[in-house]
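What follows is the residue order along each chain.
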Amino acid sequence: MGSEFEVEIESMAHGGSGLGRHKGSPVFVPYTIPGERVLARRVDTDDKRILAEGITLLDASADRVFPVCPHFGPHKCGRCHWQHMNYAAQLLIKQDILADHLSRMGELSDRAILAALRPTIASPDEWYYNYHMTLTVTADGQIGFPDANGRGIFPIEECHILHPDLLTLYQQIDIDLTGFKRVRLQQGSDGDPMVILTTLSEDAPELEIDLPASINLILPDNVPMNLIGDSHSRFTVNGHAFRVTAGSYIRPNYSQLDNLVNTALMLLDLRGGEKVLDLYAGVGMFSRFAAQAASLVTLVESYPPAVTDADENLADLDNVDVFEGGVEVVLPTLNDRYDAALVDPPAALSREAFASINQIPTLVYLSDDPATLAKETKRLKRAGYELVVAQPIDLSPQTYYIDTIALFHRGKS
């Protein structure tokens, strides 16, 4: 290790690093861009690949820009990966990475990928877009994001993907955080801030807090406990306000939520009268709008506070049934035959969940990981489904994270 060599970056790997080759082995170099040539130093290697760090940029890409944040770069904050790249290039690369995964891991033909893959939907906000972010607490009570080396925590002083009001709130935190695991800063679209503290013990630590925000705890069993102010935030999407209790989930890029919902509903293509499943449904955001066209929407969610949120968020609708429980448990008890399902799982579907949905004619599948989506595409293909649309949508500018809304039809040729 430690030897220096020149490498040309040919593509971008999922994980944020540029990918080249040296003496027949793949080389991964962070903070590079396809088309660049760098002098690199080997930092780790095995029989299959070389991990390297850039020493000198020999030929720069026209897409290279100066990073906005002083915390960005080697041995610093690891929360952002692509601040050195202009935003238009980020969108194209995310589309390319998705295509590569669908080819290699999904085993789709180039023709099938070309027919299904859409251009990445850009985020309306490239910066300051996160309405909630979670920081890690160290054993000695320090907070920060994972560092770029993946070995520790980097304490931040500023963050350019966090909403500015939440950065101000972060800078006001003066709490002994010993006994806590995480700190989540959250703000609804109404502007009301919240601090959510995840504890290490069932016994809530004593706190002396003077912050202009609601304070909530998340206990080790994932149960929320309200200490000060409100127990929930409110987010308005497509003109409807949604309650989101501390511990319940909503995607943090608020500027993309309208696009996310509208794209999912467009792919569902409800004509009126359909019966629709909304699985891993959270607080009911998709059900709210699907119910405007469907005859019946059946919502399934396992996290009790989110189910309570969904009950309130959908209380005025008489064609939505809300079920609390795991998809694997609830679906076998349902007697209705469904025309479509919107599936938003936190990870790959379990065997039991897959078996419960694989006869439904239309699936709209939301994924936050191209590798998982590619594997699910392969599994669905074997079960008789065709990938009709793969629509990447950028919920995380300046990072390598890729979200996709995929449409599958069963029995299509």
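One structure accompanies this document, and this report is about it. (Residues numbered from 1 in each chain as written. Predicted model: local features only at pLDDT ≥ 70, side-chain atom pairs only at ≥ 80, totals over all residues. Heavy atoms only, no water.)

**A few points about the overall build of the protein**
(1) Moving on: Helix and strand counts for the protein stand at 9 helices and 22 strands.
(2) Moving on: For 413 residues, the compact-globule estimate of 2.2 N^0.38 gives 22 Å, and the protein sits close to it at 23 Å.
(3) Moving on: By principal-axis analysis of the C-alpha atoms, the protein measures approximately 65 × 65 × 35 Å.
(4) Moving on: Across the 413 residues of the protein, 51% fall into the buried class.
(5) Moving on: Across the protein, every contact between residues at least 6 apart in sequence was considered, and the portion connecting residues at least 24 apart equals 58%.
(6) Moving on: Taking the average location of the 33 positive side-chain charges in the protein and that of its 56 negative ones, the two points are 11 Å from each other. (Helix = DSSP H or I, 4+ residues; strand = E, 2+ residues; numbered from the N terminus. Rg over C-alpha atoms; globule rule 2.2 N^0.38 Å. Buried < 20%, exposed > 50% of the residue type's maximum accessible area, 1.4 Å probe, protein only. Contact = heavy atoms within 4.5 Å. Lys, Arg positive; Asp, Glu negative; His and termini not counted. Charge placed at Lys NZ, Arg CZ, Asp CG, Glu CD.)

**Section: the packing of aromatic side chains**
(1) Moving on: Per the stated rule, a full pass over the model turns up 5 aromatic pairs.
(2) Moving on: With 6.2 Å between their ring centres and 45 degrees between their planes, F235 and Y254 make a pair best called tilted. Of this pair, F235 sits in strand β14 (residues 232–237) while Y254 sits in the loop between β15 (240–245) and α4 (257–268); the two residues are 19 residues apart in sequence, bridging distant segments of the chain.
(3) Moving on: On the basis of relative accessibility, which here comes to 22%, the residue Y254 falls in the partly exposed class.
(4) Moving on: A ring pair is formed by F242 and F289, whose centres lie 6.0 Å apart and whose planes are at 55 degrees; its orientation type is tilted. Linking F242 in strand β15 with F289 in helix α5 (residues 285–290), this pair joins segments that are 47 residues apart in sequence. There is no split in this pair, since F242 and F289 are both buried.
(5) Moving on: Ring-pair connections join several aromatic residues into one group, and the members of that group are Y131, F235 and Y254. (Phe/Tyr/Trp six-rings, centres within 6.5 Å; stacked < 30°, edge-to-face > 60°.)

**Things to note about a nonpolar patch on the surface**
(1) Moving on: Together, M225, L227 and I228 give the surface a local cluster of nonpolar side chains, amounting to about 220 Å² of exposed area.
(2) Moving on: Inspection of the secondary structure puts L227 in strand β13 (residues 224–228).
(3) Moving on: What makes L227 partly exposed here is its relative accessible area of 39%. (Patch = residues over 30% accessible without salt bridge, like charges linked within 9 Å, V, L, I, M, F, W, Y side chains within 5 Å. Areas by Shrake-Rupley, 256 points an atom, 1.4 Å probe, with all protein chains shown as cover. Salt bridge = Lys/Arg side-chain N within 4 Å of Asp/Glu carboxyl O.)

**Some details on the environment of P252**
(1) Moving on: Along the chain, P252 falls in the loop between β15 and α4.
(2) Moving on: Measuring from C-alpha to C-alpha, the distance between P252 and H132 comes to 5.3 Å, with 120 residues separating the pair along the chain.
(3) Moving on: Setting aside anything within four residues of it in sequence, one finds P252 in contact with Y129, N130, Y131 and H132.

**Describing the nonpolar core**
(1) Moving on: With 39 residues, the main nonpolar core has L260, M285, F286, V364 and I405 as its most contacted residues.
(2) Moving on: Ranked by residues supplied to this core, first place goes to α4 with 7 residues.
(3) Moving on: Ignoring anything within four residues of it in the chain, the contact list for L260 reads R251, M285, F286, L366, I393 and I405.
(4) Moving on: Of all hydrophobic cores here, the second largest spans 34 residues; its members include L277, V330, I360 and L363. (Core = buried A, V, L, I, M, F, W, Y, C linked by side-chain atoms within 4.5 Å.)

**Looking at the sheet that holds strand β22 (residues 403–410)**
(1) Moving on: Read from one edge of the open sheet, 7 strands run β18-β17-β16-β19-β20-β22-β21, paired in mixed fashion. The open sheet has two edge strands with one neighbour each: β18 (320–324) and β21 (385–393). For this sheet, the mean angle separating the axes of adjacent strands, direction not counted, is 15 degrees.
(2) Moving on: Pairing geometry for strand β19 (residues 340–343) and strand β20 (residues 362–367), over 4 bridges, is parallel. Across the sheet, A341 pairs through a bridge with L363, a residue of β20.
(3) Moving on: Contacts from helix α9 (residues 370–382) reach β20, β21 and β22 within the one sheet, and its direction differs from that of β22 by about 0 degrees. (Pairing = 2+ DSSP bridges. Axes fitted to C-alpha atoms, helices over the stretch in contact; angles between N-to-C directions.)

**Here's the deal with unusual backbone geometry**
Trans peptide bonds make up the majority, and among non-glycine residues the majority have a negative phi.
(1) Moving on: Even without being a glycine, Y31 presents a positive backbone phi close to 65 degrees.
(2) Moving on: Within the secondary structure, Y31 sits in the loop between β4 (25–29) and β5 (37–45).
(3) Moving on: Non-glycine residue H75 carries a positive phi angle of around 65 degrees.
(4) Moving on: Take H75: it is sitting in the loop between β6 (50–59) and α1 (87–104).
(5) Moving on: On the basis of relative accessibility, which here comes to 53%, the residue H75 falls in the exposed class.

That's the geometry; what it means functionally is another story.
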